[in-house]
Protein chains: 4
Amino acid sequence: MFFKHIYEPGLAHASYLVGCQATGEAIVIDPKRDIQDYLTIAEQEKMKITKIAETHIHADFLSGSLELAKATGAQIFASDEGGAEWQYEFDHVGLKDGNTFMVGNLKFEVLHTPGHTPEHISFLLTDTPASNQPIMIFTGDFVFVGDVGRPDLLEKAAGYIGTKEAGAKQMFQSLKKFKALSDHIQVWPAHGAGSACGKALGAVPSSTVGYEKLVNWALGYDNEEEFVVALLEGQPEPPKYFAMMKKLNKSNRNVLYPVPETQPLSIEEFLVAKEKGYKIIDTRNKISFAGGHINGSINIQDNSAFSTWAGWLLSYEEPFILIAPSHRINQLRTALLRIGLDNISGYLPDIEILTNAGMELETLNQITADELHSNLDKFNILDVRNESERISARIKDSQFIFAGYIVENAFKIDNSKPVVVHCAGGDRSSIAASILQCMGYKNIINLTGGINAWISHGFDVEKGIELVEEVSTE
Amino acid sequence: MFFKHIYEPGLAHASYLVGCQATGEAIVIDPKRDIQDYLTIAEQEKMKITKIAETHIHADFLSGSLELAKATGAQIFASDEGGAEWQYEFDHVGLKDGNTFMVGNLKFEVLHTPGHTPEHISFLLTDTPASNQPIMIFTGDFVFVGDVGRPDLLEKAAGYIGTKEAGAKQMFQSLKKFKALSDHIQVWPAHGAGSACGKALGAVPSSTVGYEKLVNWALGYDNEEEFVVALLEGQPEPPKYFAMMKKLNKSNRNVLYPVPETQPLSIEEFLVAKEKGYKIIDTRNKISFAGGHINGSINIQDNSAFSTWAGWLLSYEEPFILIAPSHRINQLRTALLRIGLDNISGYLPDIEILTNAGMELETLNQITADELHSNLDKFNILDVRNESERISARIKDSQFIFAGYIVENAFKIDNSKPVVVHCAGGDRSSIAASILQCMGYKNIINLTGGINAWISHGFDVEKGIELVEEVSTE
Amino acid sequence: MFFKHIYEPGLAHASYLVGCQATGEAIVIDPKRDIQDYLTIAEQEKMKITKIAETHIHADFLSGSLELAKATGAQIFASDEGGAEWQYEFDHVGLKDGNTFMVGNLKFEVLHTPGHTPEHISFLLTDTPASNQPIMIFTGDFVFVGDVGRPDLLEKAAGYIGTKEAGAKQMFQSLKKFKALSDHIQVWPAHGAGSACGKALGAVPSSTVGYEKLVNWALGYDNEEEFVVALLEGQPEPPKYFAMMKKLNKSNRNVLYPVPETQPLSIEEFLVAKEKGYKIIDTRNKISFAGGHINGSINIQDNSAFSTWAGWLLSYEEPFILIAPSHRINQLRTALLRIGLDNISGYLPDIEILTNAGMELETLNQITADELHSNLDKFNILDVRNESERISARIKDSQFIFAGYIVENAFKIDNSKPVVVHCAGGDRSSIAASILQCMGYKNIINLTGGINAWISHGFDVEKGIELVEEVSTE
Amino acid sequence: MFFKHIYEPGLAHASYLVGCQATGEAIVIDPKRDIQDYLTIAEQEKMKITKIAETHIHADFLSGSLELAKATGAQIFASDEGGAEWQYEFDHVGLKDGNTFMVGNLKFEVLHTPGHTPEHISFLLTDTPASNQPIMIFTGDFVFVGDVGRPDLLEKAAGYIGTKEAGAKQMFQSLKKFKALSDHIQVWPAHGAGSACGKALGAVPSSTVGYEKLVNWALGYDNEEEFVVALLEGQPEPPKYFAMMKKLNKSNRNVLYPVPETQPLSIEEFLVAKEKGYKIIDTRNKISFAGGHINGSINIQDNSAFSTWAGWLLSYEEPFILIAPSHRINQLRTALLRIGLDNISGYLPDIEILTNAGMELETLNQITADELHSNLDKFNILDVRNESERISARIKDSQFIFAGYIVENAFKIDNSKPVVVHCAGGDRSSIAASILQCMGYKNIINLTGGINAWISHGFDVEKGIELVEEVSTE
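To keep things clear, this report deals only with the structure shown in the data block. (Residues numbered from 1 in each chain as written. Chains lettered and ligands numbered in written order. Predicted model: local features only at pLDDT ≥ 70, side-chain atom pairs only at ≥ 80, totals over all residues. Heavy atoms only, no water.)

### Observations concerning the pattern of salt bridges
Residues and elements named next belong to chain A. The test is simple: Counted as salt bridges are all cases of a side-chain nitrogen of Lys or Arg within 4 Å of a carboxyl oxygen of Asp or Glu. Each residue is placed in one exposure class: buried if its accessible area under a 1.4 Å probe, protein chains only, is under 20% of its type's maximum, exposed if it is over 50%, and partly exposed if it falls in between.
Enumeration over the complete set of coordinates arrives at 96 salt bridges over all chains. Here Asp 37 ties to Lys 32 by a salt bridge, and the two come within 2.7 Å at their closest N and O atoms. With relative accessibility at 5%, the residue Lys 32 sits in the buried group. If you follow the salt bridges from partner to partner, you end up with Asp 383, Arg 385, Arg 390, Arg 394, Glu 462 and Glu 466 in one network.

See below:
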């Protein structure tokens, strides 16, 4: 049996290529949309991908099943559980609890494990004929290393009101099935640390049933009600694009394969696109962005959080443009592809060609923690972190709007004085500040180093829950 | 806890970087000699490698511990078990059974697990304070997925006569310790499928204690004597370079870091080196080599078996030259580095510069299975595969000398007729035939497609054990 | 004034980007079809290509004027001289003798300089206002360094019978105009050494009017008739694709920009294409090809003559496939693009994937000069060089068919004995031998090192003109 | 004859590889220090570089003659003219006026052409036996396209007081020799537009004797005295490193070949180096630098002027560090190598690793032309352009110190108000401003877009010569 764990750190997403060496057949479980890795591995191992499996309708990435099926001719195996609303609309082999299917000599047994979503299934793999005992289970977003899948996404991200408690109860039942498995079975989930599909995922890629029984907080509950409360508590804010993923991942959407090359724009093309209102995403680092940027551009830096923030801030209907050097454009394009943001109209490799052509740039003023502390009365402070960070420590009298909701809530900002925007270290505040500048706000200032710098200078913070005004998430 | 499995397919070698995210400290277990991967991962994860651990004195690759220690300043942790002959001669923290050490919050417990080698230790890891139960064990060449480490290398490869039975008995005792561990514990060994350190390694990178108890053939024995017989039976021929690895891996050898660049040779330099008797390794594929090659060159193709065959055929004292295109030289250099073959004097990027300068090439004649079958009486046949392959199927009346021992045994070859050399598919026969040409043999012919092609044409083969004359391995 | 000479060695083709630094406008003269170089230079120099000029309807490469016009929006300036048959069929600004046009401050004066072709014009450039004296002349295929354009291509390559003498006479008149120019004027032609558009081109990229008057053989004649005889004598064989270039370069053909990526083929796709009769071009070196190749493939090596030989041997109507490593495919694709061979259906990166899948290869047997000399009576010898090479030295009793005409004349080959094919050094004989193998001939053998090796061994050759039977060029 | 013009735009430096195709020998004239281009061309053309020639002791780049001699074994041919002070101290074949030497069949005739320097020679090339008339002359820094070499560098850059008039007179005499050459001879100089070795060099790479007689301003004088005045007038400020080049280029200095790889620094290594006072050169663009930079770093942007400004600002004795991304480090290293700045101690690939580690950055405040114009009374203005630019247009009441002399003259700056630094477009002002920040000046502001932006807004400027206080150039 050949086994390969493929990990995409930007979305903390794990997928798997498992093959039968006797027959040369292979399956990919929960593929990402940039499918080249699977094709390359299969070629190296001289295997043919004949099946593709989905554990569930993913919320946080656009599955590459359709692209992989087009590229290889493989069949898609996916859940028919979960009821009418959760049925895949594209061609697939429907799976129900207890079904089995073979990939060469490898036996996959289907377990219906709802909770994260109603249709969620897991795959228990037995390496026949070498063994008649399962070797591993692919748990998707059911059981992670150290955590379980959150049941509240349908409600929070996709608007299915009232489903989160139902999901939590299903999860409780599904975990009973999990506990009944043998201790020695390896557990390979669809996500690792940092995923927004849970709240406490570990950084180790795999675990075992026995170890999770000992260590995973969610397996320690005997009481369903207590479990439901605990599970729903403290889940992070789901990015806005999750709603679109839920919709696209079950639909018979357009297949993008092969991926067309992204073209550089001439100054003229760039200016036309800007004029037409195309969104401009400046991917340079926050320091460079502060030094000078095009009026009307948003600063989503080229780092591991790029696709998530693009998912928060870009619309799926509107075209957009990147500012990024040529040697990075393919990686950025791929990061967007992974969440289905395909409307890229081109990129500008170098901002200096604009200044050389006489365009004046806008700067984003910065202030150090020291300067802010010495002049507190001259500024209003806007905290754009998330709620749990805010609870753990905040600057007194600062206003709170999470960066992901800044557009809808900007009107609440008190800009009677210059506004110092901060987050933990300066990344999200650069995003939020750039959005505010786009919206026409003047006197927006970024706190360099964020609240981390403030705290490291020993300046005072408040802690604990506060009464926050409702923030619009529409 | 951060965990990364690093796999080098050429030698089927697995190493591990494990880090404590709370403190930023990391350890590398059984590092390969090209250490850049570890440095890159540590940098990406913003971790500092502070410790390096060795499970045992490796036979099949040159450990990169000394290079990694030089590059990072980390301390080496290695076994002080096993007796006087198996003591590391370089600076290290000596470990004994029952010792523990910490990497940040991660607890590593030392288990003395002799059998493969006398000093062999394993590391049982507990992810404190998250858990007080071990999460995984690093077994080195003790327990593999589906196999255990062979105890006969010291005798076969390093000449310690009479040690293989003793080792097999130690292995039996060590396995008792292993069986006493909890089922849920993950097992991460130092080798995967294809390694010459065992005979039946699986292709899945990890297992669990519970699963190995169910499936691993070696854990099924209750009787020591039967186990010893079974373990020593059918072990593959150890490559010649293993003896040198045993020596170098415990010694305080020269540290090669950073690695100097390999330079292309001018025609003049090449000819001088050839004149002086430098070994010439032609890494082109066997088809190109057959079409024309420099007289006196050996054909070790640039594929995953490159370093192993270089280890069989190159001397550690003599300088050598590669024929390889510029865009491949770094990978080939690295493959050699991994087994300590550092005496590379340069490379020739293109054989055509020699023919353009008027040099005449030598060809290696080829024959198809069909042609051979129709003219069997005109040729002698030489089989250069290994013993187990020969037992499973062989061409009647063919002579048998394993490719790795061809130099010492060439005098036995019956070259009263032209000699058709074959292996399974044509790779090893190209090696052996090129060596015979180097030694001055004429009328050497390669069977294209090897015995595989013969069999696929439906031609007769013999099976089973045969009486073979002793082959010299000196 | 900005000036850049762009040289493409495969076709010995020179083109020019000349710009006015005062206005930022630039012109490209006689662009190649892979236009990226021009776009890159213009971008680096912050210039805008606003005009494109053609000196004449080229015979040896497909002009990139249409692609460059599409990419930049520039206008094409081309000759309206030469009569009805030589009128460009695409949108252009028509130029007549004596016309001038400006590129920024740079003045271009049109000289009608027929001879090579009836419509041929040259451009005399004055760098106003810095000077009122011309600085240089772009002569296209009129005057080269050390030679002049051949007037016989229309007749030989495009079938316009009886035009070569007329052309030679026009050339004599045009050269009078050239001689009237000032000595100091730089001469920048469209071709360098190795071009088939002349017979004696120098390797220096540029010259001056004065120097050519002193040194160029063609400027030494005062008598028209003697000049005509001398000019038509000893012109090399024009490659077959020249006829197609003449046709395409004046037509409003399809524009290929941007160029789509060439895809690797799977084994299955490759076999389907082979089955359908797609031409297979094996670009590996002749040594590798001799060692083993796919039955039915032609060996056009990946070297500077690649596009010319592809032009000799490929049809413009039929699809074809390359065998070439991935890291070379773009360069090869571009070489084909330059002569309009766009019907590439994909490529096979590695021939070993076929042998690994069980396909048997064909070899091309080789013989050394020594072996041939010792066994002359056992072989027929086929010389595939061109006529002038044959006149200078040939092996006695060898048969002569130029490699470019081998397909039409293969029936004349005496294959009563095994046929040893030779050229000068082995490249063209590998092409010819591979074609003969494709056509079903058996017992085709390649002379390694060609007649060069034969001569260097001191073996006898014949010299001088011989009576050759007519070779079909249809 | 093979001829190749090699142009390095950063220093506007032209060198030449000329080869005899009959014998395969080649010469390189005035090689740059990164010699790989020559080795590559020679290899491609299958030529052997056997000779190296120097036209004179260069002031603006470090000659690669010694490196090329080491790499190829070629002999160096250089001037023995000019007197005792101008004798090369390394092994060479000494040349005097009238000497000739051969490269294969190519004849090189030596002309002593002092003026730019006392020992300066030119090479008149005849392509024998094809012609007995010279085809081209290599003029070094004697005659450029449209200009002649400046005679004042020895005085200005190397401190030989009183030599500039003598040099100008020698130039007048040497030009007589030039005028005596035939019009048709090609002229290939050592520099193109932008070089500091003259004041009016054209952008066309070559010219002819006849054309220069018509167009070159310096060839229009019949009166020596007028010529001397005209020649010495308006020469640009020679960069400081010229003095060191004069010294190194004649000495038997250390040879750096092959060039060792430049290593990235860890944070710790960087901080140690900073602590020790290593110069830190931040090569990011001025926008990013303004947004945030390390205290104590100088902003020399990675563009074509990089090496010249490094030559102005770096010491040849002190170690330094670059801030530059990994994919640019080799090019930057090479740019420094070209002027002998070899003391690079490593580089920092990414400034964010410092901010992530908690380091606070310094910003460089910026002001637009508009804002400055509206608040003129609040700022002092510092112009750091050169004298000729200042004469053509300047902001009223601005202070003037050329960026290259800012260190020595900073004490004169009136910083009673915040100082707005400007140049033409913002590059040199970023350099100067960063130096002032390094020196501890506060309230330094950069004018974005420089005086170009000011002028394009239509704001007033003064023109003409002004009385400037003496600026120290020590």
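### Comments concerning the packing of aromatic side chains
Which entries qualify depends on this criterion: Only centres within 6.5 Å qualify two rings of Phe, Tyr or Trp (six-membered ring in Trp) as a pair; their planes then separate them into stacked at under 30 degrees, edge-to-face at over 60, and tilted for everything else. Here a strand is any run of E in DSSP of at least two residues, a helix any run of H or I of at least four, and the numbering for each starts at the N terminus. Ring-over charges, as used throughout, are those where CZ of Arg or NZ of Lys falls within 6 Å of the ring centre and within 35 degrees of the ring normal.
Enumeration over the complete set of coordinates arrives at 92 aromatic pairs over all chains. Pairing Phe3(A) with Tyr16(A) gives two aromatic rings, centres 5.9 Å apart and planes at 35°, and the pair type is tilted. Pair noted here: Phe3(A) is in strand β1 (residues 2-8) and Tyr16(A) is in strand β2 (residues 13-20), with a separation of 13 residues, a long-range link. Like Phe3(A), the residue Tyr16(A) is buried in the burial classification. Judged by centre distance (5.0 Å) and plane angle (50°), the ring pair of Trp86(D) and Tyr160(D) falls under tilted. Highlighted residues: Trp86(D) in the loop between β5 (75-79) and β6 (93-95) and Tyr160(D) in the loop between α3 (153-156) and α4 (163-179), separated in sequence by 74 residues. Over the ring of Trp86(A) we find Lys250(A); its NZ or CZ atom is 5.4 Å from the centre of that ring.

### Things to note about the interface of chain B and chain A
In plain terms, the rule: Working rule for contacts: check all heavy atoms of both residues, and any pair within 4.5 Å makes them a contact. Buried area is calculated as the accessible area (1.4 Å probe) missing from two parts once they are joined, with the contributions of both summed. Here a polar contact is recorded for every N or O atom pair within 3.5 Å, except that within protein the pair must consist of a potential hydrogen donor and a potential acceptor, and residues adjacent in sequence are included only if both atoms are side-chain atoms. Charged residues are taken to be Asp, Glu, Lys and Arg, nonpolar residues to be Ala, Val, Leu, Ile, Met, Phe, Trp, Tyr, Cys and Pro, and polar residues to be all remaining types, Gly included.
Counting from both sides, the interface comprises 25 residues of chain B and, opposite them, 25 residues of chain A. Carbon and sulfur atoms make up 69% of the area that chain B and chain A hide from each other, which totals about 1900 Å². The largest contributions to the chain B side of the interface with chain A come from His184(B), Val204(B) and Tyr211(B), which together make up 31% of the buried area. For the pair chain B and chain A, the number of links is 0 salt bridges. Counting the contacts that link chain B with chain A gives 4 residue pairs in polar contact (both at pLDDT 80 or more). Among the secondary structure elements, those contributing two or more residues to the side of chain B that touches chain A are β1 (2-8), β10 (134-140), β13 (186-189), β14 (207-208) and α5 (209-215) of chain B. By residue number, the principal contributor to the side of chain B that touches chain A is α5(B), which donates 4 residues. Residues belonging to the side of chain B that touches chain A are distributed by class as follows: 14 nonpolar, 9 polar and 2 charged.

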